[in-house]
Amino acid sequence: MLSGLMNLLRACFRPRSQEGLLWYKDHGHHFNGEFSMAVVQANNLLEDQSQIESGSLSLHESGPFGTFVGIYDGHGGPETSRFIADHLFQHLKRFTAEQQSISVDVIRKAYQATEEGFASIVATQWPTKPQIAAVGSCCLVGVVCSGTLYIANLGDSRAVLGRAVKATGEVLAIQLSAEHNACIESVRQELQAMHPDDSQIVVLKHNVWRVKGLIQISRSIGDVYLKKAEFNREPLYAKFRLREPFKRPILSSEPSISMHQLQPHDQFVIFASDGLWEHFSNQEAVDMVQRHPRNGIARKLVKTALQEAAKKREMRYSDLKKIDRGVRRHFHDDITVVVMFLDSNFVSRASAAKSPNVSIRGGGVNLRPNTLAPFTTSTEAGNN
């Protein structure tokens, strides 16, 4: 009787934008068009964090105005990705206010300040919580302002542009982000060039290339245990400790940043953590966005990835959905997708033009099994 009542209460209070471990905002408006957003949780604590901020990109109400998208794929725990979600955009606004414009330098400084801030947290917590030194996050950012798209990345999340080809009617996939994963030969070469005296800088372990045999990505926020030797010692777990002390940082926090002048035939950008790209090629993802309605497209991408994950394990999607978080990680990763549509009549708007502010975060709070609590603040209607 009591358990039945509890189940009824849970059903009554489940947010409308949630299906088990799936959170979504099917449709919203940003300064330069529309967007769709979805997150599915696999880890016991959601390690992916994400946000959309649209309106002033500065501390000043006078702008410049535009849209900021962030995808933060954490590993080792949720602390770093949550820290980035709390601080990176605020740093960007501060540096934009100082320079009175968005630039590559502003974005680089915002990344650096975020890295330094988290390193300070690690130093403070090290005596009582040493394992925080082994927590880190990828960090993918897109900023649209005055007709320019800036893409910054650390790690292996990805941003892919869908560009229409007038002659054929096709929409081509163009990858905008550079990735930093040891499975890429050029990344291994870069690491070997930076550490010429270390024959074990990249190691093939269980058929996967890893930096020092520990981690696949070569750039990140956090992972201080591979950046500062004083945090690579006891009481850090033995599996994270290197046999020999290192003299220079093994991982980098220097983002790859590129600028793209947006054209009228640039249709949309898909931002996603690597959990999506394990199941989609760039062109397959772009084709799906092009062929389906905007409303709910991020959720459709996530669900299709889950169906592929189930198929690879020779199980039904309906059975995969019943698996609780934590155990679910054996079948797929946390997956975050934001599709940002670029409406040409809005992309060319002056950066001084005002519009309603939007601030949305797709993230997890450890409430009870089979739930993912969204945190949403917006001048729009909130959740769908």
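In this text the structure is predicted, and so the values were computed from the model without any measurement. (Residues numbered from 1 in each chain as written. Predicted model: local features only at pLDDT ≥ 70, side-chain atom pairs only at ≥ 80, totals over all residues. Heavy atoms only, no water.)

### With respect to the packing of helix H6 (residues 282-291) against helix H7 (residues 297-312)
Two numbers describe how H6 lies on H7: the axes approach to 10 Å, and their chain directions differ by 135 degrees. Here H7 runs oblique to H6, going by the angle between their axes. Of the two elements, H6 crosses H7, and the hand of that crossing is right-handed. Residues Ala285, Met288 and Val289 of H6 form the contact with H7, whose own contacting residues are Ile297, Lys300, Leu301 and Thr304. In terms of residue class, the contact of H6 with H7 is made up of five nonpolar, one polar and one charged. (Axes fitted to C-alpha atoms, helices over the stretch in contact; angles between N-to-C directions. Helix = DSSP H or I, 4+ residues; strand = E, 2+ residues; numbered from the N terminus. Parallel < 35°, antiparallel > 145°, perpendicular 65-115°, else oblique. Left-handed = near helix turned anticlockwise from the far one by under 90°. Contact = heavy atoms within 4.5 Å. Nonpolar A, V, L, I, M, F, W, Y, C, P; charged D, E, K, R; others polar.)

### Remarks on the pattern of salt bridges
Tallying each qualifying case throughout the model produces 15 salt bridges. Its salt-bridge partner being Lys109, residue Asp105 comes within 3.6 Å of it at the nearest N-O pair. With a gap of four residues between them, Asp105 and Lys109 both fall in helix H3 (residues 104-125), about one helical turn apart. On the basis of relative accessibility, which here comes to 33%, the residue Asp105 falls in the partly exposed class. Owing to a relative accessible area of 30%, Lys109 belongs among the partly exposed residues under this scheme. (Salt bridge = Lys/Arg side-chain N within 4 Å of Asp/Glu carboxyl O. Buried < 20%, exposed > 50% of the residue type's maximum accessible area, 1.4 Å probe, protein only.)

### Brief notes about H3
When the terminal C-alpha atoms of H3 are compared, their 32 Å separation across 22 residues agrees well with the 32 Å that a helix rising 1.5 Å per residue should span. Those residues of H3 not exposed but buried are Val106, Ile107, Ala110, Tyr111, Ala113, Thr114, Glu115, Phe118, Ala119 and Val122. If you follow the buried residues of H3, they end up packed against helix H2 (79-99), strand S7 (139-145), strand S8 (148-154), strand S13 (221-222) and strand S14 (256-261). (Expected span 1.5 Å × (residues − 1).)

### Thoughts on the confidence of the model for the protein
Averaged over the protein, the pLDDT score is 86; the fraction of residues at 70 or greater is 86%. Low pLDDT, under 50, characterises residues 1-16; the stretch is placed with seven contacts to residues that sit more than four places away or in other chains. Low confidence marks residues 364-384, where pLDDT is under 50. Its contacts with residues over four positions away, or in another chain, come to 68 contacts. (pLDDT = per-residue confidence, 0-100.)

### Notes on the environment of Ala38
Within the element layout of this structure, Ala38 appears in strand S3 (residues 33-40). Since its relative accessible area comes to 0%, Ala38 is described here as buried. Apart from residues lying up to four places away in sequence, Ala38 is in contact with Trp23, Tyr24, Ala298, Arg299, Val302, Ile335, Thr336 and Val337.

### Here we look at the packing of H2 against H3
Direction vectors running N to C along H2 and H3 enclose 140 degrees, while the axes themselves pass 8 Å from each other. On the basis of their axis angle, the class for H2 and H3 is oblique. H2 and H3 meet at a crossing whose hand is right-handed. Seen from H2, the contacting residues are Glu79, Thr80, Phe83, Ile84, His87, Leu88, His91, Leu92, Arg94, Phe95, Thr96 and Gln99; seen from H3, they are Asp105, Val106, Ile107, Lys109, Ala110, Tyr111, Ala113, Thr114, Gly117, Phe118 and Ile121.

### Considerations on the packing of aromatic side chains
Considering all chains together, one arrives at six aromatic pairs under this definition. Seen in terms of ring centroids, Phe268 and Phe341 are 5.9 Å apart; in terms of plane orientation they differ by 65 degrees. Their pairing is edge-to-face. Highlighted residues: Phe268 in strand S15 (residues 266-272) and Phe341 in strand S16 (residues 335-341), separated in sequence by 73 residues. With respect to burial, Phe268 and Phe341 carry one shared label: buried. Over the face of the ring belonging to Phe95 we find Arg94, whose NZ or CZ atom lies 4.4 Å from the ring centre. Above the face of the Tyr24 ring, Arg299 is positioned so that its terminal group lies 3.8 Å from the ring centre. (Phe/Tyr/Trp six-rings, centres within 6.5 Å; stacked < 30°, edge-to-face > 60°. Lys NZ or Arg CZ within 6 Å of the ring centre and 35° of its normal.)

### Digging into the nonpolar core
One finds Ile270, Leu276, Leu301, Val337 and Val339 to be the most contacted residues of the largest nonpolar core, which totals 30 residues. For this core, the elements supplying multiple residues, two or more each, are strand S2 (22-30), S3, S15, helix H5 (274-277), H6, H7, helix H8 (317-320) and S16. Sort the elements by how many residues they give to this core and H7 lands first, with seven residues. Among the nonpolar cores identified, the runner-up in size contains 27 residues, and Phe83, Ile132, Ala133 and Cys138 belong to it. (Core = buried A, V, L, I, M, F, W, Y, C linked by side-chain atoms within 4.5 Å.)

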